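# Examining the three-dimensional arrangement
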Amino acid sequence: MNVIPNTGVGKTSVVIRYVGGMFSKAVSPTIGASFFTYKMTLDSYRVKLQVWDTAGQERFRSMAPMYYRKANAAMLVYDITSLESFYDIKDWVKELKKNVDTPIVMCLLGNKSDLESGRKVSTADAAEYANSIDALFFETSALKNTGIEDAFLQVSRQLIKFYETYPNSGLGILSPQQDVTDIFSSSSENVRLPTRENQQKTPEAEGCGC
Amino acid sequence: MAALGEAEQVVATTDSDQGDFNEAEAPGKSDDAPFFPSDSIEELIYDDLTEADHQTLHKGTIHSIVRQTSYDSRSETPNTVDQDTPDISAGEESLEDSAETQVNSNSISVGEQEECLDAEVEDEEDVNSPNWKNQKKHVFILSESGKPVYSRHGHEDKLVTIMGVMQALVSFVQDSKDSLRSIVAGKHKFVFLVRDHLILVGVTRGTDSTQQMLLQLMYVYNQVISVLTHSQLSKIFKQRRNYDLRRLLTGAEKFFDNLLNLMDSEPGLLLSAVRCLPLDNQVRDIIAQTIVQNAKVKDLVFALIIAKNQLVTLVRMKKYYLHSMDLHLIINLVNASESFKEAESWTPICLPKFDASGYLQAHVSYLDSDCQVCLLLLSVDRDSFFTLSECKDKIKTRLTRYNALEAIDSSLRRKSYSTQQCGITDLRHFLYKARSTAQYTSPELEAPYCLPGEDERLFGMYQYLHHRIHTSGRPLKILFHVGQYETLLGWVTQGFELYAVFGPLVTKTGAIHAVNKLLRWIKREEDRLFILNSPTF
């Protein structure tokens, strides 16, 4: 048994960099899971990403299925300076494939690419692995803000493609301009595509009642 | 009773001739409080603690909510906890005494133990560093087999040997069907708490009494349960006795650190009472009603707002109450986690007094941009994040519209209140706990107690008063203590506990008049200082 949780690979930093556009060295370990939303327009689709940023610690591992069960995309983040975090990805991929039956976009992210001198995972290895599991692959740095934008954009594009190819797949209720993504996990980003329009309107409608 | 150098007057009964102690009215009294009116320090009877955990921990509550069991499941609800609250005046030996007798009966003198501790630690660099030795309070958690789990100071890895010694001491005494409770050596107190699968050891050279240390260890143990649940803890250690628990607690160290810091400064944990943010009655009602109306969600058990370690409001499911100890763990969770400030979070938390066997899911979010007002929605439904997230949006919108967030914010900025507002000369500071509601109030720290070191000294005096009054061997009702720099008065009745600090020259009659006046002031302010009703969904 050597399941060392891939904590500290920088999941939260990646998400915060993308959603909030900033980087903080003092990001504290996530407790449970944090939820972010991000809206953008891409190729005439209005995309709403719903991102679950989950805690990497072992004790939260049992919670993971809660987040990826209904997800449409998973971002698997490892730390290029840690071989272990890269090997752990393989377990996650296995788990995802076993438990998620709807099509899912996977994206492998090698974070901390600014720490080139401490690199333990070669780009070629990672790319080859990503290819073998049919995943997108990027090397990113939340510190220098490289690759992250690209990664999220490509994931979104893939999702739209998914939607166009299988309009009736498990993603189902997706309304044409809405596309919702969840990310999560020590490593995973998930997308979920319920119609959020109704839900968003309700509070306002009710608001008038008071 | 006169103490050395300092005069002390103990009134063991209320029918004294010392003045008018009028205990008819306890301000902040309510029959409809959201908390258990229980006192953790009084529940700390050692023999109960060492019994199997299923006696003292509560289980099945979550299960019964999920299954929507009928009303006759009262025995499962935490409501009935109090009936086994032990009677503290039952002539129990003081812990220190009994520890000494035990140690003696096992023919180890305290001195020898010290030596053997010292000898063992010689070759440990960390243990030998003066910095480590000079720490005022140490707390260690180790597994039953002696594996280090947590140490407040230093790195547990380097403390393997000393933890081995602790484990050896505990199991040596256990072998003779006895239990090691505490060792007193010079200024140091070593307090041991053995629970299911874990040994907790506290070492202090501060003002904490043995019993207060025990309470703190209980808190630390409950913090472990809060992270892991009792079921998970048992399961792991049943499978592998020598499991390294640190793996599961990765990232939880900060909860222990923060909890221990809170315990050194926050009187609420000592008093087993909750501090409420002073707020106008109507405003608080509006906040509670807003939550009730906008969070009508099945399986939502508690909804609460916390601001700067103070409770703003608490809405609960009918039949279920929150224990102050559980609330302190929730406050600790919020206080210790920076990550909640970045986004809405969804995290499991176990409340040991509520149900030690399972997790509640907590939706945690801040309602203001400064991240001071924190809303927690605790549910038994693992899949209700999105529902609760909508509730949160509605609650936030309404509270903003009713200016309630502003009211909370201005109360936070005004700080609490000054002792002067009570209009009592010579009164420097006080703690007042309403026992029926498990809430307490106290003014801001002001000169001289806001100076560094002085706040600690004040807290030490409260610990001393609290200890003297609650000593299990000889509980007191009133204690008048003339110290070098100030005079202390502690007074405990059925309805309240009051600890007051006066200038050094105050007379006993003066102090009694002052506290009676103070009680009247608190009574006038009680609507603002306490939560006297308990809204339910």
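No experiment lies behind these values; they were computed from the predicted model shown.

### Quick look at the overall build of chain A
Counting its regular elements, chain A contains 6 helices and 7 strands. Counting helices and strands in the order they occur from the N terminus, chain A gives α-β-β-α-β-α-β-α-β-α-β-β-α. Considering chain A as a whole, with its 210 residues, one finds that 53% of them fall into the buried category. Long-range contacts, defined as pairs at least 24 residues apart, comprise 71% of the intrachain contacts of chain A with a sequence gap of at least 6. With the model as given, the accessible surface of chain A reaches about 9,300 Å², and the carbon-plus-sulfur share is 51%.

### Details of the packing of aromatic side chains
Overall, the coordinates contain 19 aromatic pairs over all chains when judged by the stated rule. Consider the rings of Trp 491 of chain B and Phe 496 of chain B, whose centres lie 5.0 Å apart with planes at 85°: the pair is edge-to-face. Accessibility expressed as a relative area gives 0% for Phe 496 of chain B, which makes it buried. An aromatic cluster of at least three residues, connected via ring pairs, comprises Phe 35 and Trp 52 of chain A together with Trp 346, Phe 385 and Phe 386 of chain B. The ring of Tyr 129 of chain A is capped by Lys 90 of chain A, whose NZ or CZ atom sits 5.1 Å from the centre of that ring.

### Considerations on the pattern of salt bridges
Residue and element names in this part refer to chain B. Applying the stated criterion to the full structure yields 21 salt bridges over all chains. Of the charged contacts in the structure, one is a salt bridge between Arg 428 and Glu 486, with a shortest N-O distance of 3.5 Å. Of this pair, Arg 428 sits in strand β13 (residues 427-434) while Glu 486 sits in the loop between β15 (478-482) and β16 (487-492), and the two are 58 residues apart along the sequence. Salt bridges sharing partners connect three or more residues here, namely Lys 137, Arg 152, Asp 208 and Asp 264.

### Digging into the sheet that holds strand β3 (residues 148-151) of chain B
All names here are of chain B. As summarised here, the arrangement of the 5 strands in space is β3-β2-β6-β5-β4, forming an open sheet in which the pairing is antiparallel. Each edge of the open sheet carries a strand with a single partner, namely β3 and β4 (182-185). Here the strands of the sheet are splayed against their neighbours by 15° on average, with no regard to which way each runs. Alignment of strand β5 (residues 188-195) against strand β6 (residues 198-204), held across 7 bridges, turns out to be antiparallel.

### Comments concerning unusual backbone geometry
Residues and elements named next belong to chain B. With omega at 0°, the peptide bond leading from Ala 447 into Pro 448 counts as cis. Of note in this structure, Thr 229 is not a glycine but carries a positive phi near 70°. Assignment of secondary structure puts Thr 229 in the loop between α10 (210-228) and α11 (230-239).

### Focus: the pairing of strand β11 (residues 360-366) of chain B
Residues and elements named next belong to chain B. In terms of residue burial, β11 counts as a mostly covered element, since 7 of its 7 residues are buried. Neither face of β11 is exposed, since Leu 360, Ala 362, Val 364 and Tyr 366 on one face and Gln 361, His 363 and Ser 365 on the opposite face are all buried. Between the end of β11 and the start of strand β12 (residues 373-379), which pair antiparallel, lie 6 residues, with Cys 371 showing a positive phi angle near 55°.

### A few points about the domain arrangement of chain B
As assigned here, chain B comprises domain 1 (130-271), domain 2 (279-414) and domain 3 (416-529). On a C-alpha basis, the centres of domain 2 of chain B and domain 3 of chain B stand 31 Å from each other.

### Some details on the nonpolar core
Counting residues in hydrophobic clusters, the biggest one holds 112 residues, and the most contacted among them are Leu 198, Leu 245, Leu 304, Ile 330 and Ile 408 of chain B. When residues of this core are assigned to their parent elements, the largest contribution, 12 residues, is made by α10 of chain B. Inspection of this core shows a minimum of three residues originating in each of domain 1 (130-271) and domain 2 (279-414) of chain B. Excluding anything up to four places from it in sequence, Leu 245 of chain B contacts Val 149, Leu 198, Val 224, Leu 228, Leu 233 and Phe 237 of chain B. Core analysis: the second largest hydrophobic core is formed by 28 residues, Met 40, Leu 42, Val 105 and Ala 142 of chain A among them.

### Description of helix α9 (residues 160-175) of chain B
Residue and element names in this part refer to chain B. Taking 1.5 Å per residue, 16 residues should reach 22 Å; α9 reaches 22 Å between its end C-alpha atoms and fits that length. Of the residues making up α9, those classed as buried are Ile 162, Met 163, Val 165, Met 166, Leu 169, Val 170 and Val 173. Buried residues along α9 cover an arc of 155° about the axis, so they all sit on one side. Positive phi appears at Lys 177, one or two residues downstream of α9, with a value of about 55°.

### Quick notes on the UniProt feature "domain: FUZ/MON1/HPS1 first Longin" (unreviewed entry) in chain B
The positions that UniProt labels "domain: FUZ/MON1/HPS1 first Longin" (unreviewed entry) are, in the present scheme, residues 137-259 of chain B. Taken end to end, residues 137-259 of chain B comprises 42% helix and 24% strand; its first and last C-alpha atoms sit 13 Å apart.

### Overview of the pairing of strand β8 (residues 300-307) of chain B
Residues and elements named next belong to chain B. Across the 8 residues of β8, 8 count as buried, placing the element largely inside the fold. Pairing between β8 and β12: 7 bridges, direction antiparallel. Along β12, the bridge assignment pairs Ala 303 with Leu 377. Taken together, the 6 bridges between β8 and strand β9 (residues 310-316) define a ladder with antiparallel strand orientation.

### Topic: the side chain of Ser 34 of chain A
The residue Ser 34 of chain A is located in strand β1 (residues 33-42) in this model. Residue class for Ser 34 of chain A comes out buried when judged on its relative accessible area of 3%.

### Quick notes on the packing of α10 of chain B against helix α18 (residues 454-470) of chain B
Residues and elements named next belong to chain B. Contact geometry for α10 and α18: axes closest at 9 Å, N-to-C directions at 100°. With respect to α18, the axis of α10 lies roughly perpendicular. Contact residues: α10 offers Gln 211, Gln 212 and Gln 216, while α18 offers Gln 463, His 466, His 467 and His 470. Classifying every residue of the contact of α10 with α18 gives no nonpolar, 7 polar and no charged.

### Let's talk about the confidence of the model for chain A
One rule of thumb: low pLDDT means the predicted coordinates there are not for detailed reading. All names here are of chain A. Summarising the model, chain A shows a mean pLDDT of 68, and 69% of its residues fall at 70 or more. Here helix α6 (residues 197-207) stands out as the least confident element of chain A, with mean pLDDT 25; helix α4 (residues 123-132) is the most confident, with 87. Predicted confidence is poor over residues 1-6, with pLDDT under 50, and the contacts of this stretch with residues over four places away or in other chains come to 16 contacts. Considering only residues more than four positions removed or in separate chains, one finds that residues 169-210, a stretch of pLDDT under 50, has 141 contacts.

### Examining the interface of chain B and chain A
Interface size, as often reported, equals the accessible area lost upon joining of the parts. With 33 residues of chain B at the interface, the matching set in chain A holds 31 residues. Of the roughly 2,600 Å² buried between chain B and chain A on both sides combined, carbon and sulfur atoms contribute 54%. Taken together, the links from chain B to chain A amount to 0 salt bridges. The tally of links from chain B across to chain A stands at 2 residue pairs in polar contact (both at pLDDT 80 or more). Taken together, the elements giving at least two residues each to the side of chain B that touches chain A come down to α10, α12 (253-263), β10 (344-349) and α16 (385-401) of chain B. Looking at the side of chain B that touches chain A residue by residue, the classes come out as 15 nonpolar, 7 polar and 11 charged.

Thresholds, definitions, all that
- Residues take numbers from 1 onward in each chain, read along the sequence in its written order.
- Numbering of ligands from 1 and lettering of chains from A proceed in the order in which they are written.
- In keeping with the model being predicted, local features are shown solely for residues with a pLDDT of at least 70 and side-chain atom pairs are shown and tallied solely at 80 or more, while totals for entire chains, interfaces and linings include all residues.
- Water and hydrogen atoms play no part in the side-chain values, which are based on all heavy atoms of the structure.
- What counts as a helix is a DSSP run of H or I of at least four residues, what counts as a strand is a run of E of at least two, and both are numbered from the N terminus.
- For the exposure calls, accessible area comes from a 1.4 Å probe over protein chains only, and a residue counts as buried if that area is under 20% of its type's maximum, exposed if over 50%, partly exposed in between.
- In this description, contact between two residues means that some pair of their heavy atoms is separated by no more than 4.5 Å.
- Accessible surface area values rest on a Shrake-Rupley calculation with a 1.4 Å probe, where residue burial reflects the displayed protein chains alone.
- Here a pair means two rings of Phe, Tyr or Trp (six-membered ring of Trp) with centres within 6.5 Å. Their orientation is stacked below 30 degrees between planes, edge-to-face above 60, and tilted elsewhere.
- Each ring is checked for a lysine NZ or an arginine CZ that lies within 6 Å of its centre and within 35 degrees of its normal; such an atom marks a charge sitting over the ring.
- Every case where a carboxyl oxygen of Asp or Glu lies within 4 Å of a side-chain nitrogen of Lys or Arg is listed as a salt bridge.
- Only when DSSP finds a minimum of two bridges between them are two strands counted as paired.
- Each axis is a line fitted through C-alpha atoms, taken for helices only over the stretch in contact, and angles between the N-to-C directions span 0 to 180 degrees.
- Domains are outlined according to an automatic or database domain assignment.
- What we call a nonpolar core is a set of buried Ala, Val, Leu, Ile, Met, Phe, Trp, Tyr and Cys residues that are connected through their side-chain atoms within 4.5 Å.
- Any helix carries an expected span of 1.5 Å times its number of residues minus one.
- This arc describes the spread of directions from the helix axis toward the C-beta atoms.
- UniProt positions are given in the numbering used here, feature names are shortened, and annotations may be inferred rather than shown by experiment.
- Working rule for angles: under 35 degrees goes down as roughly parallel, over 145 as roughly antiparallel, 65 to 115 as roughly perpendicular, anything else as oblique.
- Three classes are used: nonpolar for Ala, Val, Leu, Ile, Met, Phe, Trp, Tyr, Cys and Pro, charged for Asp, Glu, Lys and Arg, and polar for all others, with Gly counted as polar.
- Residue-level confidence of the predictor is summarised by pLDDT, bounded by 0 at the bottom and 100 at the top.
- The term buried area refers to how much accessible surface (probe radius 1.4 Å) is lost by two components on association, counted for both of them together.
- Nitrogen and oxygen atoms within 3.5 Å of one another constitute a polar contact, given that in protein one can donate a hydrogen and the other can accept it, and given that sequence-neighbouring residues count only through two side-chain atoms.

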